[in-house]
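# Fold and contact review
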Amino acid sequence: MSEHTLASIASALGAPDPALLDALLDGTTEAQLVAKGKHVASSRVLTDVRRLYALAYSFWESATVTQKEALRGFSPALLSVAVHQAIALDAMLVEHEERGDSREASRATRDAALREAFEKALTLRDQAHSILLKVAGNHAAAEEEVNQAVGTAEDPAALARGLGALVALAKKYLDELSGPVKTRAQLMRLDFEYVAKLENAANTLAITARAASARPAGEKITQGSLDRADGVNLLLLTHIISAFENAHEQDPTIPRLVPISTRRMFERKVKKKSSNEGSAGAIS
């Protein structure tokens, strides 16, 4: 097993000229790169390139002049481009996963805050409903007014509206200068301090509901950009695997670079090639 890592190979080969990657991607559209990358997970691509590029570098470092002559289609410059793209993909995947974990944690926190605010608001609403019914007295119209104000709790917005309506009704009762309503309010301890508590619960619920439903900020590393990076890495890996495969046919001492995690993509190409060659042989 080679001890070389992507970082150590990159350090040994040096940074490639950006023009080299542009030349290698020339004629390939962004859509084609994304389509190629969508078929395999970034982690699988990285698993193969780490192993295969280490093998390729180790072999080249110890290869004879004859072996290097047979290994056309491969060069240290090509490997440098591929290794640096693999390192870039690795960094993108780490950032993408970390942001995903952060978003999930943030979502869980917001959802927990919403549940807590909802339960508190619901408890206070039911209590306020009961108190206001008692303060309203035994008058059908007054009771109906309270029951209409309470509304529903089908969602946070509805619950917040109901609390707001009860707050307005409570303030109306507290504005009574005298009389039975004033007396009953004092007996039930309906005061402005309690009304402020109801208002605060309604406001807190509305705020936490908005926060929970807010869409996350745009990702710096999108799945689309990851797919493109996968496509670039697969394209470069294909070049290198092909070079070693062709050289191996000429000189068996040159190893084949066999993908494992991404083998299905390369198997399809091999099968298609074999099928086409078989058809050509039948015709001739």
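Residues numbered from 1 in each chain as written. Predicted model: local features only at pLDDT ≥ 70, side-chain atom pairs only at ≥ 80, totals over all residues. Heavy atoms only, no water.

### Side note on the overall build of the chain
Cut-off, in case you're wondering: A run of H or I in DSSP becomes a helix once it reaches four residues, and a run of E becomes a strand once it reaches two; helices and strands are each numbered from the N terminus. Residue burial is assigned from relative accessible area. The probe radius is 1.4 Å, only protein chains are included, and a residue is buried under 20% of its type maximum, exposed over 50%, and partly exposed in between.
Each helix and strand in the chain was counted, giving 12 helices and zero strands. Walking the chain from its N terminus toward its C terminus, one meets helices and strands in the order α-α-α-α-α-α-α-α-α-α-α-α. Burial status across the chain gives 36% buried among its 284 residues.

### What to know about the confidence of the model for the chain
For the record, the criterion: The quantity called pLDDT is the predictor's confidence in a given residue, expressed from 0 to 100. What makes two residues a contact is simply this: any of their non-hydrogen atoms within 4.5 Å.
Predicted confidence across the chain gives a mean pLDDT of 85, with 87% of residues reaching 70 or more. When mean pLDDT is taken per element in the chain, helix α5 (residues 65-70) scores highest with 96 and helix α12 (residues 263-283) scores lowest with 50. Contacts of residues 270-284 to residues separated by more than four positions or lying in other chains number zero contacts, the stretch itself having pLDDT below 50.

### Focus: the packing of aromatic side chains
Here is the rule we go by: Each Phe, Tyr or Trp ring (for Trp, its six-membered ring) is paired with any other whose centre lies within 6.5 Å, and the angle between the two planes then decides the class: stacked below 30 degrees, edge-to-face above 60, tilted in between.
Throughout the structure, instances matching the rule amount to three aromatic pairs. With centroids separated by 6.1 Å and ring planes inclined at 70°, the aromatic side chains of F59 and F244 adopt a geometry described as edge-to-face. You can see F59 sitting in helix α4 (residues 42-62) and its partner F244 sitting in helix α11 (residues 223-250), a full 185 residues away along the chain. For F59, a relative accessible area of 12% puts it in the buried group. Of the residues examined, F244 reaches a relative accessible area of 0% and is grouped as buried. An aromatic cluster of three or more residues is present, and its members are F59, W60, F74 and F244.

### Quick notes on unusual backbone geometry
Phi at R189 is positive, roughly 60°, even though this residue is not glycine. In this fold, R189 is placed in the loop between α9 (180-187) and α10 (192-213). Here R189 falls in the exposed class, since its relative accessible area comes to 69%.

### A few points about the pattern of salt bridges
What counts, and what does not: By salt bridge we mean one thing: a side-chain nitrogen of Lys or Arg within 4 Å of a carboxyl oxygen of Asp or Glu.
Applying the stated rule across the entire model yields eight salt bridges. Between R228 and E30 there is a salt bridge, with its nearest N and O atoms 2.5 Å apart. Within this pair, whereas R228 is found in helix α11, its partner E30 is found in helix α3 (residues 30-37), the two being separated by 198 residues in sequence. Judged by its relative accessible area of 28%, R228 falls in the partly exposed class.

### Things to note about the nonpolar core
This is how the line gets drawn: Residues belong to one nonpolar core when they are buried, are Ala, Val, Leu, Ile, Met, Phe, Trp, Tyr or Cys, and are joined through side-chain atoms within 4.5 Å.
The biggest cluster of nonpolar side chains holds 46 residues, and the ones touching the most others in it are Y53, L71, F74, L79, I240 and F244. Looking at this core, the elements that each hand over two or more residues are α1 (6-13), α2 (18-25), α4, α6 (76-136), α11 and α12. Counting residues per element, this core draws most heavily on α11, at 12 residues. Each residue touching F244, except ones within four places of it in the same chain, is listed here: A56, F59, L71, F74, I254, P255 and L257. F118, L132, V195 and L198 belong to the second-largest nonpolar core, a separate cluster that totals 34 residues.

### Focus on the side chain of T262
Put simply, the rule reads: Two N or O atoms count as a polar contact when they lie within 3.5 Å, although within protein this holds only if one can serve as hydrogen donor and the other as acceptor, and sequence-adjacent residues are included solely when both atoms are side-chain atoms.
On the secondary structure map, T262 appears in the loop between α11 and α12. In terms of polar contacts, T262 uses its side chain to reach the side chain of D48, at 2.6 Å. Once residues lying within four places of it in the same chain are set aside, the contact partners of T262 are V40, R44, V45, D48, L234 and L237.

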